[in-house]
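One letter stands for each residue in the lines below.
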Amino acid sequence: MNHKPRLFKALRVSFSLAAGWLLATNTANAQIKNKEYPKFVTGEVIVLMQPGTPRAQVDALAGQVGATKVTALMGHDAYKLTLPGSANDKDTLDAASKLKVDPKVRAANPNHILIPLQQKVEPNDPRYLSKEQWNLAMMNMPQAWAITKGGPGVNVAVIDTGFMPDHEDLIGQYHPGSQNLADPLINGALPPLNSTIDGNSHGVHVSGIMVAKTNNSLGIAGICWENIKCVAMQVVKTGDAGGLPGDLIFNAMEYLTLHKLDYNIGCVNLSFGGLRLDPTDTSDLMYIGTKDMADAGIVPVAAGGNFFPLPNANFVPAVYPHVFTVGSVGPEGVKAYYSQLGKIDIAAPGGEQFFEGDPRGILSTFPSPNKPDPGYLFKNNYVFEQGTSM
């Protein structure tokens with residue numbers, strides 16, 4: 001098996017889950033385009049009677065509004081009154097209003113029609129249309145986009161290696177509050193976000209899953225179709241292929257906590273982890289930082305770990321009780337071979353690859369060819385990766 005796991009493949013987090021949660025909290029922009037549904041059934045009124053009201057009194061009330069049929073519902077003294085076939089919407093509303101004033105009636109309303117949630121909205125991004133983004137279909141994103149594409153009142157945060165504001169599918173997608181905490185100051189100021197193929201590509205890939213531009217006829221579709229931006233926190237020096245330093249992670253967490261309200265941060269992606277002898281140690285900076293964010297109202301979402309069959313009992317921040325922990329499934333919806341067991345709150349599509357570039361992984365943005373690295377096989381703008389979970 002020609003499988004070449006890269007350092008950060010073991011450190012993925014569920015951007016898919018976090019973004020889905022954000023979309024669910026922003027339903028004001030609901031757009032059901034496939035079909036127009038009436039708001040209620042013309043000529044039908046639902047009445048909720050006082051407990052124990054005799055049927056004869058219900059029939060008498062029905063007669064007062066000209067109902068031709070009374071149907072008892074399954075409990076709570078509820079009935080459906082059917083008006084004559086000539087009744088229109090106004091007649092229906094007038095009948096409900098008349099019934100409401102009777103002391104024997106607790107409630108009277110038209111028979112409301114709810115909208116089925118199997119409507120779909122499909123973006124025009126070519127790598128989505130090619131079915132390469134199989135994870136979005138598994139997450140029912142077309143149905144979610146029919147409800148909302150993302151409102152302006154909440155953003156996401158990512159603490160990671162590096163980011164790429166000039167990637168063709170990420171231009172304008174990073175929040176102005178994003179910070180590069182790792183690279184040297186430039187004239188006393190923090191440097192801009194940056195990335196290279198060798199050490200910093202992880203953050204580019206992960207953030208692309210969430211906020212790559214959608215429906216722009218280019219590249220991939222990001223989960224957050226519109227409005228939502230990524231507050232990116234770079235904690236690895238540009239070009240450094242090492243791990244994420246704990247002090248910079250802590251600083252990033254405290255920065256996000258401080259600016260939770262300023263930047264409307266709803267959740268934070270923590271696509272990293274490490275072993276602790278005592279994961280219950282509340283004096284650990286990782287514990288303090290994640291707890292501060294959670295207490296401020298930012299949902300920490302962390303990778304469950306990619307080292308199966310080892311349990312994740314000592315893997316932080318995944319095991320913290322205030323952190324939402326994610327495992328990974330492959331294209332068949334079955335636990336991926338690498339996904340650890342233990343403290344897992346939910347599973348999401350993270351891919352299951354058997355060779356480098358295997359399309360069974362998750363397709364996302366990647367540093368472009370004008371930043372070459374001869375030691376790495378792929379130099380494309382979009383690459384398949386895997387982890388718990390993308």
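Each remark here, short or long, concerns the structure printed above.
The notes below deal with the structure included here. (Residues numbered from 1 in each chain as written. Predicted model: local features only at pLDDT ≥ 70, side-chain atom pairs only at ≥ 80, totals over all residues. Heavy atoms only, no water.)

1. Notes on the sheet that holds strand E4 (residues 105-112)
The following threshold applies: Here the rule is simple: two strands pair whenever DSSP picks up at least two bridges between them. What counts as a helix is a DSSP run of H or I of at least four residues, what counts as a strand is a run of E of at least two, and both are numbered from the N terminus. For helices, the axis comes from a line fit to the C-alpha atoms of the stretch in contact; other axes are also lines fit to C-alpha atoms, and the angle between any two N-to-C directions lies between 0 and 180 degrees. The contact rule is simple, with two residues in contact once any of their heavy atoms fall within 4.5 Å.
Pairing within the open sheet is antiparallel, and its four strands lie in the order E2-E3-E1-E4. Two strands close off the open sheet at either side, each with one partner strand: strand E2 (69-72) and E4. Strand after strand, the sheet turns through a mean of 25° between neighbouring axes, direction not considered. Pairing of E2 with strand E3 (residues 78-82), which is carried by four bridges, proceeds in the antiparallel orientation. Bridging across to E3, Lys69 finds its partner in Thr82. Each of strand E1 (40-49), E2, E3 and E4 is contacted by helix H2 (residues 55-64), which is oriented at about 140° to E2, the strand it contacts most. Contacts between helix H3 (residues 89-100) and the sheet are confined to E1, E3 and E4, with E1 contributing the most and set at about 10° to the helix.

2. Points about the pattern of salt bridges
Note on pairing: side chains with opposite charge can pair once their charged atoms come close. Condition: Think of a salt bridge as a Lys or Arg side-chain nitrogen and an Asp or Glu carboxyl oxygen that are within 4 Å of each other. For every residue, the accessible area (1.4 Å probe, protein chains only) is compared with the maximum for its type, and the residue is labelled buried under 20%, exposed over 50%, or partly exposed between those bounds.
Applying the stated criterion across every chain yields a total of ten salt bridges. Close ionic contact of Glu332 with Arg360 constitutes a salt bridge, the shortest N to O distance being 2.9 Å. Of this pair, Glu332 sits in the loop between strand E12 (324-329) and strand E13 (346-349) while Arg360 sits in the loop between E13 and strand E14 (362-365), placing them 28 residues apart in sequence. Note on Glu332: relative accessible area 54%, which makes it exposed. Bridged by salt links that share partners, the residues Glu332, Glu352 and Arg360 form one connected network.

3. Brief notes about the nonpolar core
Under the convention used in this document: Among the buried residues, those of types Ala, Val, Leu, Ile, Met, Phe, Trp, Tyr and Cys that are joined through side-chain atoms within 4.5 Å form a nonpolar core.
Ranked by size, the top nonpolar core spans 28 residues in total, and within it Ile159, Val235, Met253, Leu256, Val268, Leu270 and Phe272 carry the most contacts. Among the elements of the structure, strand E5 (155-160), strand E7 (230-234), helix H8 (246-258), strand E8 (265-270) and helix H10 (285-295) are those that each provide at least two residues to this core. Once residues within four sequence positions are removed from consideration, Met253 is found in contact with Ile159, Leu270, Phe272, Met286, Gly289, Thr290 and Met293.

4. Here we look at H3
Rule in force here: Here the expected span of a helix is defined as 1.5 Å times the quantity of residues minus one. Of all possible arcs, the one meant is that of the directions from the helix axis to the C-beta atoms.
The terminal C-alpha atoms of H3 lie 17 Å apart, and with twelve residues this matches the ideal 16 Å at 1.5 Å per residue to within 8%. The complete set of buried residues in H3 reads Thr92, Ala95, Ala96 and Leu99. Down the axis of H3, the sector holding all buried residues measures 100°, keeping them to one side. In this structure, the buried residues of H3 make contact with E1, H2, E3 and E4.

5. Considerations on H8
Between its first and last C-alpha atoms H8 spans 18 Å; for 13 residues at 1.5 Å apiece the expected length is 18 Å, and the two agree. Every buried residue of H8 is listed here: Leu248, Ile249, Phe250, Ala252, Met253, Tyr255, Leu256 and Thr257. Those residues of H8 that are buried lie in contact with E5, strand E6 (179-180), E7, helix H9 (260-263), E8 and H10.

6. Remarks on the state of the cysteines
For clarity, the cut-off: Criterion for a disulfide: a pair of cysteine sulfur atoms within 2.5 Å.
Per the counting criterion, the structure on display carries zero disulfides. Free cysteine Cys224: the closest other cysteine sulfur is in Cys267, separated by 8.0 Å. When its relative accessible area of 1% is taken as the criterion, Cys224 is described as buried. For Cys267, a relative accessible area of 1% corresponds to the buried category.

7. A look at the environment of Leu61
Structurally, Leu61 is set in helix H2. For the pair formed by Leu61 and Lys98, sequence separation is 37 residues and the distance between their alpha carbons is 9.8 Å. The contacts of Leu61, once residues within four sequence positions are left out, are Met49, Leu99, Asp102, Lys104 and Val105.

8. Considering the side chain of Thr388
Note the cut-off: N or O atoms within 3.5 Å of each other form a polar contact, as long as, within protein, one can give a hydrogen and the other can take it, and as long as residues adjacent in sequence are counted only when both atoms are side-chain atoms.
Residue placement: Thr388 occurs in the segment after strand E15 (382-385). With a relative accessible area of 0%, Thr388 lands in the buried category. Separated by 3.2 Å, the side chain of Thr388 and the backbone nitrogen of Gly305 make a polar contact.

9. With respect to the packing of aromatic side chains
Note the threshold: We call Phe, Tyr and Trp rings a pair once their centres come within 6.5 Å, taking the six-membered ring for Trp, and we label the pair stacked below 30 degrees between planes, edge-to-face above 60, and tilted otherwise. Only when the NZ atom of a Lys or the CZ atom of an Arg is both within 6 Å of the ring centre and within 35 degrees of the ring normal do we say a charge sits over the ring.
The final tally for this structure, using the stated rule, is eight aromatic pairs. Seen from their ring centres, Tyr337 and Tyr338 are 5.3 Å apart, and the 85° between their planes marks the pair as edge-to-face. By relative accessible area, which is 28% here, Tyr337 ends up partly exposed. An aromatic cluster is defined as three or more aromatic residues linked by ring pairs; in this entry it consists of Tyr128, Trp145 and Trp225. Lying over the aromatic face of Trp225, Lys149 brings its terminal NZ or CZ to 4.4 Å of the ring centre. Seen from the ring of Phe308, Lys335 lies directly overhead, with NZ or CZ sitting 3.7 Å from the centre.

10. Re the packing of H8 against H10
Formally: For classification, angles of less than 35 degrees are called roughly parallel, those exceeding 145 degrees roughly antiparallel, those between 65 and 115 degrees roughly perpendicular, and all remaining angles oblique. Two helices crossing with the near one rotated counterclockwise from the far one by less than a right angle form a left-handed crossing, whereas a clockwise rotation gives a right-handed crossing. In this classification, the charged set is Asp, Glu, Lys and Arg, the nonpolar set is Ala, Val, Leu, Ile, Met, Phe, Trp, Tyr, Cys and Pro, and all remaining amino acids, among them Gly, are polar.
One way to put it is that H8 packs onto H10 with a least axis distance of 9 Å and a crossing angle of 15°. The pairing of H8 with H10 is recorded here as roughly parallel in orientation. You can see that H8 and H10 cross each other, and the crossing is left-handed. On the side of H8, the interface is formed by Ile249, Phe250, Met253, Glu254, Leu256 and Thr257, while H10 contributes Leu285, Met286, Ile288, Gly289, Thr290, Asp292 and Met293. Its residues assigned to classes, the contact of H8 with H10 shows eight nonpolar, three polar and two charged.

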